[in-house]
Protein chains: 2
Amino acid sequence: MPDQDTRPPVGQFEGGCAFADGAFVPLSEAKISLFDWGFTRSDATYDVATTWKGAFFRLDVHMDRFFASMEKLRLAIPYSRSELRDILHGCVRAGDLQDAYVAMVCTRGVPPRGARDPRMAQNRFYAYALPYVWIASREKQREGIDLHISDRVRIAPESVDPTVKNYHWMDLVQSMFEAYDLGRDTSCVVDGQGNVAEGPGFNVFMVKDGVVHTTDRGVLEGVSRRTAIELCGRLDIPVSVAPLPVERFRRADEVFLSSSGGGILPIAKLDGVPVPGFPGPVTTRIHDAYWAIHDEAAYRDPVDYGV
Amino acid sequence: MPDQDTRPPVGQFEGGCAFADGAFVPLSEAKISLFDWGFTRSDATYDVATTWKGAFFRLDVHMDRFFASMEKLRLAIPYSRSELRDILHGCVRAGDLQDAYVAMVCTRGVPPRGARDPRMAQNRFYAYALPYVWIASREKQREGIDLHISDRVRIAPESVDPTVKNYHWMDLVQSMFEAYDLGRDTSCVVDGQGNVAEGPGFNVFMVKDGVVHTTDRGVLEGVSRRTAIELCGRLDIPVSVAPLPVERFRRADEVFLSSSGGGILPIAKLDGVPVPGFPGPVTTRIHDAYWAIHDEAAYRDPVDYGV
């Protein structure tokens with residue numbers, strides 16, 4: 001891929017830029033065919049990295065997962081790891097974004113007319129950078145997020161591999177409607193054994209008697225989740241990665257979410273019932289450490305804005 | 001919706017026509033935003049009707065299900081039932097298609113920038129007509145379809161309501177790859193209790209000792225499935241709608257699939273093992289009756305080609 005393609009002018013598409021069909025385009029032109037199996041079969045994988053203060057955070061980890069997800073689904077893109085990095089940097093650069101939400105997407109594509117064989121489809125690649133997305137507004141975070149624990153069961157690993165980041169979210173979206181009906185702010189769902197699973201775009205943690213708990217199964221292995229677990233190691237906070245029964249979860253000392261859409265988000269209430277610690281001491285330490293490591297060189301991949 | 005909008009010229013988009021953003025367009029222009037939750041959350045429902053010899057088959061039943069699916073997902077379109085019918089007829093007319101695959105799709109749309117609340121999104125509607133699609137080629141049908149029974153579990157009703165026709169198909173697509181690896185032609189998946197569920201775009205039936213069997217749970221209630229069951233009534237063939245264990249299924253006298261993509265399709269082999277009856281007498285009677293009722297006025301809604 002020649003240099004001029006992956007080095008669009010800074011701010012060419014101020015505020016947000018996509019990469020579709022091999023070219024940088026404004027977000028309004030970021031479209032996929034109605035016939036792409038990525039839509040008609042949700043046969044796609046994606047990943048979302050972020051930039052913070054002009055640098056990608058743990059981009060390598062996101063790219064590792066994206067390539068692993070594609071391999072598991074037998075999808076491929078015509079770009080090397082280094083070219084992928086260039087495209088993602090290009091989207092942020094063209095959008096002239098400091099704090100950005102940066103997605104990379106691979107879809108199955110469209111098999112030849114009349115064929116229903118996914119092996120015959122040319123896979124498609126898309127990317128885009130938007131202003132950083134928060135899964136809850138700053139205002140709502142200050143007020144305190146009220147999390148609904150839905151009875152809905154997350155799509156099981158026997159059906160869809162949850163370690164492949166995927167768009168099978170109807171269960172999560174329907175749980176959000178339930179939450180709104182009940183006057184809550186967001187929701188998480190459970191697994192088939194009555195353990196807390198995950199929410200729309202986040203993993204779920206609790207703190208009990210000084211130990212941090214999160215589930216080990218049936219969920220996306222989020223990069224923010226991984227970062228939180230690693231930070232506990234640094235901070236000498238014990239971590240248990242094991243099934244997390246809803247009844248235990250409801251008696252947590254502290255609860256927080258992890259997401260590339262906001263990092264570490266303390267939870268104030270579970271279904272209207274105040275969580276004793278909000279924002280609790282353990283959550284606060286992990287939260288602060290999460291943002292502190294954004295300044296560490298090993299985790300940063302600065303965007304070249306050409307200034 | 002004014003007349004000129006829903007009555008495009010016959011053959012305006014010869015061979016296939018879509019309806020997107022309120023206008024009839026060629027298939028190549030049928031695109032959705034990369035940011036539509038219909039893609040990024042698979043938060044959408046759809047239905048597929050067919051025309052045969054210039055008339056829709058059981059269009060009312062498809063429209064009933066489409067409106068019911070939207071209601072269950074809290075989606076809505078700005079068209080009445082009669083307007084929807086006009087749009088679907090318009091797609092077939094503009095494509096000048098006699099035998100057509102006709103899809104209607106409703107997606108969540110895109111919430112305002114920064115919001116993650118699906119209630120704030122304007123739902124989107126799309127439709128299109130293509131030449132009739134067969135889930136297996138005519139040649140393959142004559143040779144005999146070899147069906148792989150995958151161990152993969154269909155997404156459970158506790159996660160996604162299977163009576164809402166949806167695009168959560170990753171389990172089904174992955175089972176197709178398994179089938180190809182094994183040299184089979186297509187695949188079906190099971191439920192969590194070891195019963196045969198459904199395949200990519202079809203319901204599954206067996207005949208044993210003169211009785212037709214199909215499962216009662218965890219699957220799309222297909223219109224072709226319903227037609228097959230109703231035809232058994234007409235033909236005095238006993239039907240059992242109940243869980244169908246894989247071990248019983250493997251000992252079937254006859255096996256067939258039902259789909260709007262081909263009607264009643266006899267199966268020749270299960271994982272390479274010949275099914276004793278191919279195409280068996282019961283399947284053949286249902287197959288012939290299925291196509292015969294396409295000529296009955298009560299099931300036909302003729303397209304006006306203006307000739």
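Residues numbered from 1 in each chain as written. Chains lettered and ligands numbered in written order. Predicted model: local features only at pLDDT ≥ 70, side-chain atom pairs only at ≥ 80, totals over all residues. Heavy atoms only, no water.

1. Some thoughts on the relation of the copies chain A and chain B
Here is step 1 of the chain: Superposition record for chain A on chain B: RMSD 0.0 Å, screw rotation 180 degrees, translation along axis 0.0 Å. Such values leave the two copies arranged in the relation of a two-fold axis.
Here is step 2 of the chain: Here 100% of the interface residues in chain A have copies in chain B that are interface residues too; the copies meet face to matching face. (Least-squares fit on C-alpha atoms with pLDDT ≥ 70 in both. Contact = heavy atoms within 4.5 Å.)

2. Examining the interface of chain A and chain B
Here is step 1 of the chain: Listed by partner, the interface residues are 55 residues for chain A and 55 residues for chain B.
Here is step 2 of the chain: Carbon and sulfur atoms supply 66% of the area buried between chain A and chain B, which totals about 5200 Å² over both sides.
Here is step 3 of the chain: Contact with chain B buries area across many residues of chain A, yet A:Phe39, A:Arg116 and A:Met170 alone supply 15% of it, more than any other trio.
Here is step 4 of the chain: Our count for the contact surface shared by chain A and chain B stands at two salt bridges.
Here is step 5 of the chain: Two residues, B:Arg74 and A:Asp181, come together in a salt bridge whose shortest N-O distance is 2.5 Å.
Here is step 6 of the chain: Counting across the interface, chain A meets chain B through 24 residue pairs in polar contact (both at pLDDT 80 or more).
Here is step 7 of the chain: Elements represented by at least two residues in the side of chain A that touches chain B include exactly strand 3 (31-33), helix 2 (37-40), helix 3 (59-73), strand 6 (100-107), strand 7 (124-131), strand 8 (145-153) and helix 6 (170-181) of chain A.
Here is step 8 of the chain: With eight residues, helix 6 of chain A is the single largest residue contributor to the side of chain A that touches chain B.
Here is step 9 of the chain: Here the side of chain A that touches chain B is composed, by residue class, of 29 nonpolar, eleven polar and 15 charged.
Here is step 10 of the chain: Pairing between strand 3 of chain A and strand 3 (residues 31-33) of chain B: three bridges, direction antiparallel. Note on strand 3 of chain B: the bridge partner recorded for A:Ile32 is B:Ile32. (Buried area = accessible area lost by both parts, 1.4 Å probe. Salt bridge = Lys/Arg side-chain N within 4 Å of Asp/Glu carboxyl O. Polar contact = N/O pair within 3.5 Å; in protein donor to acceptor, adjacent residues only side chain to side chain. Helix = DSSP H or I, 4+ residues; strand = E, 2+ residues; numbered from the N terminus. Nonpolar A, V, L, I, M, F, W, Y, C, P; charged D, E, K, R; others polar. Pairing = 2+ DSSP bridges.)

3. Some points on the sheet that holds strand 4 (residues 44-52) of chain A
All names here are of chain A.
Here is step 1 of the chain: The strand order 2-1-7-6-4-5-17 describes an open sheet built from seven strands, whose pairing is antiparallel. For this open sheet the edge positions go to strand 2 (23-26) and strand 17 (300-302), each flanked by a neighbour on one side alone. Strand-to-strand twist of the sheet, defined as the mean angle between neighbouring strand axes without regard to direction, takes the value 25 degrees.
Here is step 2 of the chain: Bridge analysis of strand 4 against strand 6 gives eight bridges, and the strand direction is antiparallel. Its bridge partner being in strand 6, Thr51 is matched across the sheet by Ala100.
Here is step 3 of the chain: Sheet strands touched by helix 3: strand 4, strand 5 (55-57), strand 6, strand 7 and strand 17. Its angle to strand 4, the strand with the most contacts, is close to 175 degrees. (Axes fitted to C-alpha atoms, helices over the stretch in contact; angles between N-to-C directions.)

4. Re the environment of B:Ala121
All names here are of chain B.
Here is step 1 of the chain: Tracing the backbone shows Ala121 in the loop between strand 6 (100-107) and strand 7 (124-131).
Here is step 2 of the chain: Judged by relative accessible area, which is 11%, Ala121 ranks as buried.
Here is step 3 of the chain: Expressed as a C-alpha distance, the spacing of Ala121 and Trp37, which sit 84 residues apart in the sequence, is 8.9 Å. (Buried < 20%, exposed > 50% of the residue type's maximum accessible area, 1.4 Å probe, protein only.)

5. Points about the packing of helix 3 of chain A against helix 4 (residues 81-95) of chain A
Residue and element names in this part refer to chain A.
Here is step 1 of the chain: At a minimum axis distance of 11 Å, the contact between helix 3 and helix 4 shows a crossing angle of 120 degrees. Here helix 3 is positioned oblique relative to helix 4, judged by the angle of their axes. Considering only the axes of helix 3 and helix 4, their crossing is right-handed. Facing helix 3, whose interface residues are Leu59, Asp60, Met63, Asp64, Phe66 and Phe67, helix 4 presents Arg81, Leu84, Arg85, Leu88 and His89.
Here is step 2 of the chain: For the contact of helix 3 with helix 4, the per-class residue count stands at six nonpolar, one polar and four charged. (Parallel < 35°, antiparallel > 145°, perpendicular 65-115°, else oblique. Left-handed = near helix turned anticlockwise from the far one by under 90°.)

6. Comments concerning empty space enclosed by the protein
To find the voids left in a structure, one rolls a probe of water-molecule size over its atoms.
Here is step 1 of the chain: Inspection of the entire model under this criterion finds two cavities of 30 Å³ or more.
Here is step 2 of the chain: Each pocket or cavity is described by its volume, and for the largest cavity that value is around 40 Å³.
Here is step 3 of the chain: For the largest cavity, the full set of lining residues is A:Thr50, A:Phe57, A:His62, A:Val223, A:Ser224, A:Thr227, A:Ser260 and A:Tyr290.
Here is step 4 of the chain: The element that contributes the greatest number of residues to the lining of the largest cavity is helix 7 (residues 223-234) of chain A, accounting for three residues.
Here is step 5 of the chain: Residues belonging to the lining of the largest cavity are distributed by class as follows: three nonpolar, five polar and no charged.
Here is step 6 of the chain: When residues are assigned to domains, the lining of the largest cavity turns out to be shared by domain 1 (4-132) and domain 2 (138-294) of chain A, each giving three or more.
Here is step 7 of the chain: Reported here for the second largest cavity is a volume of approximately 30 Å³.
Here is step 8 of the chain: In terms of lining, the second largest cavity is formed by B:Thr50, B:Phe57, B:His62, B:Val223, B:Ser224, B:Thr227, B:Ser260 and B:Tyr290. (1 Å grid on protein atoms, 1.4 Å probe; cavity = no way out; pocket = protein on both sides within 12 Å on 5 of 7 lines; lining within 4 Å. Points joined across faces, edges and corners; volume = space filled by probe spheres on them. Domains from an automatic or database assignment.)

7. Regarding the domain arrangement of chain A
All names here are of chain A.
Here is step 1 of the chain: As far as domains go, chain A holds domain 1 (4-132) and domain 2 (138-294).
Here is step 2 of the chain: Computed over C-alpha atoms only, the centres of domain 1 and domain 2 are separated by 27 Å.
Here is step 3 of the chain: Listed as interface residues are 19 residues of domain 1 and, on the opposing side, 23 residues of domain 2.
Here is step 4 of the chain: Together domain 1 and domain 2 conceal approximately 1900 Å² of surface at their shared face, both sides included; 58% is due to carbon and sulfur atoms.
Here is step 5 of the chain: On the domain 1 side of the interface with domain 2, the three residues burying the most area are Tyr46, Phe57 and Arg65, jointly 34% of the side's total.
Here is step 6 of the chain: Linking domain 1 with domain 2 are one salt bridge.
Here is step 7 of the chain: The tally of links from domain 1 across to domain 2 stands at nine residue pairs in polar contact (both at pLDDT 80 or more).

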